[in-house]
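# What the coordinates show
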Amino acid sequence: IRSGGHDVEGVSYVSQVPFVILDLVNFRDVNVDTKNEVAWVQSGATTGELYYGIASKTQTLGFPAGGGGNTFGVVLAWKIKLVPVPPVVTVFTVNKNLEQNATKTFHRWQYIAHKLSRDLFTTVWVMKVNSSQVGRKTVLASFKGMFLGRIDVLIPLIQYAFPELGLARENCTEMSWVQSVLYFGALPIEPVEILLNRSALPRLSLKAKTDYIREPMSETGIEGFMNMFLEEGTDFAITMIEAFGGKMDEIRENEIPFPHRSGILFESVYIVQWRNEEDAGLCINWIRRLYSYMSSYASKSLRGAYYNYKDLDLGTNNINGYTSYEQASVWGLKYFRNNFKRLVRIKTMIDPMNFFSNEQSIPPLLSP
Ligand SMILES: Cc1cc2nc3c(=O)[nH]c(=O)nc-3n(C[C@H](O)[C@H](O)[C@H](O)COP(=O)(O)OP(=O)(O)OC[C@H]3O[C@@H](n4cnc5c(N)ncnc54)[C@H](O)[C@@H]3O)c2cc1C
């Protein structure tokens, strides 16, 4: 089954066995009901089409990215809850490279970001860039944020709680919520019709991995992490580190399948990309080493992962034949923690023959 065909491991269009594709690409209606703050979104719609659909009806509702589903049947449309946003939000970017205290600033960010303000989302993007010294490279930590309010409220808030960031008025821009989506996609914020363009972003091959961090990393640990971006294979590598806290702390683990919320300081999304197929080995090798380096900083009891950024390195179902609960637990518990058992029970009830399956789908309990 393919909707957006955006799966990070390509499981919607790669198969080891003969297959037919059920392609939902043309099911892309978006119906926004502003009165009840919900939208019906057909499965083939992109998030861009959804955001555009919301913005063409109202400037005061939004939808945070994320969500999805497979394993249990064919989803034709989603009913999603929209969230209130102010007509004007403020976004900012403050760049610091290794020579400008990137390590120390990120070290401090870890202690503050998850409790700065319920109306503020912050993220740090780490990547390799050219240094001011000709022919040399450095590592950039780009501190970004989106505040559900105006500049005049944001600046004193950050200057008080996080003066090390050095946030100034020229780092900030006020815009509508839908424009902030384009800002974070590194796209021009006008015209917003670009959200309807399915090929606006460059197409590179990629491999991704994720972590949930509960304890701040040491400065030496951060230094080692950043220095890995100076190695080979990192020309198009990026790590997006997203602060948790706020509303995320209030939603119980078993409310939806995605369990990672309370007590988490931040989520790290490691991504490596390449243009030429011959670079794939080098790049994938690098991201595996980065992930291995981060193992001492990830949650000690059970290392978590985000199902939307599927990582087949964590293990896969058997291509032919039954996959046991124990075998699938290796990745299932990482993605879903205590919800995994419940998902397996539901699967056993509604699809005991495992008709809807993929490399990391939830297996039923009994062998068919
Ligand atoms: C560059 C990039 C950036 C991303 N950024 C984010 C992000 O910011 N936040 C985030 O949460 N995720 C992100 N993702 C991950 C993305 O959300 C997931 O890969 C998502 O599953 C893609 O949805 P899709 O409709 O394209 O899935 P597809 O590739 O079409 O399918 C994914 C899986 O779902 C099954 N499936 C597809 N359609 C249906 C259906 N209608 N009913 C039942 N099963 C179905 C497929 O068989 C397959 O197993 C990103 C991915 C990429 C490549």
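One numbering rule holds for all chains: residues counted from 1, following each sequence as written. Given that the model is predicted, a residue must reach a pLDDT of at least 70 before its local features are reported, and side-chain atom pairs must reach 80 or more before they are shown or counted; all residues, however, enter totals for whole chains, interfaces and linings. To get the side-chain values, all heavy atoms of the structure are used, and hydrogens and water are removed first.

The name given to the protein in an unreviewed UniProt entry is Berberine/berberine-like domain-containing protein, and the organism recorded there is Gossypium trilobum.

Think of it this way: one heavy atom of a residue within 4 Å of a molecule or strand is enough to make that residue near it. Every one of the 22 residues lining the ligand counts as a neighbour, but I1, S3, S12, Y306 and N308 are closest to it. Any pair of nitrogen or oxygen atoms within 3.5 Å is treated as a polar contact; in protein, a donor-acceptor pairing is required on top of that, and neighbouring residues in sequence qualify only through side-chain atoms on both sides. S3 places a side-chain nitrogen or oxygen 2.7 Å from a nitrogen atom of the ligand. Between the ligand and G5 there is a distance of 2.9 Å, counted from an oxygen atom to a backbone nitrogen or oxygen. Each accessible area value is a Shrake-Rupley result obtained with a 1.4 Å probe; residue values ignore everything except the protein chains displayed when judging cover. Here the ligand loses 77% of its free accessible area of 970 Å² to cover by the protein chains. Per-domain counts for the shell around the ligand show at least three residues from each of domain 1 (1–84) and domain 2 (85–314). Domain delimitation in this document rests on an assignment produced automatically or drawn from a domain database.

Okay, the pairing of strand β10 (residues 205–213) next. Most of β10 sits out of view: seven of its nine residues are buried. Two strands pair if DSSP finds at least two bridges between them. In this description a helix means any DSSP run of H or I spanning at least four residues, a strand means any run of E spanning at least two, and both kinds are numbered starting from the N terminus. Here β10 runs beside strand β12 (residues 266–274); their pairing, made up of nine bridges, is antiparallel. Residue pairing in the sheet places L206 in a bridge with Q273 of β12. When a residue's accessible area, from a 1.4 Å probe over protein chains only, is under 20% of the maximum for its type it is buried; when over 50% it is exposed; and in between it is partly exposed.

Glancing now at the pattern of salt bridges. What counts as a salt bridge is simple: a side-chain nitrogen of Lys or Arg found within 4 Å of a carboxyl oxygen of Asp or Glu. All told, the structure shown has 22 salt bridges when counted by the stated rule. E164 is the partner of R108 in a salt bridge, and the nearest nitrogen-oxygen pair spans 3.1 Å. Taken together, the positions of R108 in helix α2 (residues 102–112) and E164 in the loop between α3 (151–161) and β9 (172–175) put the pair 56 residues apart, joining distant regions of the chain. Residue R108 is classed as partly exposed on the basis of its relative accessible area, which comes to 33%. The salt bridge involving E253 is made with R337; its shortest N-O contact spans 3.5 Å. Of this pair, E253 sits in the loop between β11 (238–243) and β12 while R337 is found in the loop between α7 (325–336) and α8 (339–350), placing the two residues 84 residues apart along the sequence.

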